[in-house]
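# Residue-level structure breakdown
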Amino acid sequence: MYKALVCCRAGMGSSMLLKIKADQVIKENNFPIETEHGNLDSLMGFNGDLVITMDDLSNELADKVPYALGIRNIMDKVEMKEKMEAFLATKG
């Protein structure tokens, strides 16, 4: 089981919606990913496998976390599925 932190800069609305959608995609596809919600400060104690965040923030985090998964459209479950599959393929 892989651990993912779902976060945005503030850890408020957008990242919570992103977590809800990500959890739906994970459940629908039976992906071995477990999520937790937080903000950028949560990265300090996070020792998981990937960070799921907005696309612009993922570029900033790329060399600071094991894997940064950036989402352009929070509502696009197809985009999330494809990017989660790409992450899982690196573990494979």
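Predicted model only: the values in this text are computed from it and were never measured. (Residues numbered from 1 in each chain as written. Predicted model: local features only at pLDDT ≥ 70, side-chain atom pairs only at ≥ 80, totals over all residues. Heavy atoms only, no water.)

## As for the confidence of the model for the chain
Predicted confidence across the chain gives a mean pLDDT of 92, with 99% of residues reaching 70 or more. Within the chain, helix H2 (residues 55-61) has the poorest average pLDDT of any element, 89, and helix H3 (residues 77-90) the best, 97. (pLDDT = per-residue confidence, 0-100. Helix = DSSP H or I, 4+ residues; strand = E, 2+ residues; numbered from the N terminus.)

## Topic: the packing of aromatic side chains
Evaluated as defined, the whole model comprises two aromatic pairs. Look at tyrosine 2 and phenylalanine 87: their rings are 5.4 Å apart centre to centre, the planes differ by 85°, and that puts the pair in the edge-to-face class. Taken together, the residues tyrosine 2 in strand E1 (residues 2-8) and phenylalanine 87 in helix H3 connect sequence positions 85 residues apart. Where tyrosine 67 meets phenylalanine 87, the ring centres are 5.0 Å apart and the plane angle is 65°; that geometry is what we call edge-to-face. Here tyrosine 67 is found in the loop between H2 and strand E4 (68-71), whereas its partner phenylalanine 87 is found in helix H3, with 20 residues between them in sequence. A relative accessible area of 0% means that phenylalanine 87 is categorised as buried. Every member of this aromatic cluster is reached through a ring pair, and the members are Tyr2, Tyr67 and Phe87. (Phe/Tyr/Trp six-rings, centres within 6.5 Å; stacked < 30°, edge-to-face > 60°. Buried < 20%, exposed > 50% of the residue type's maximum accessible area, 1.4 Å probe, protein only.)

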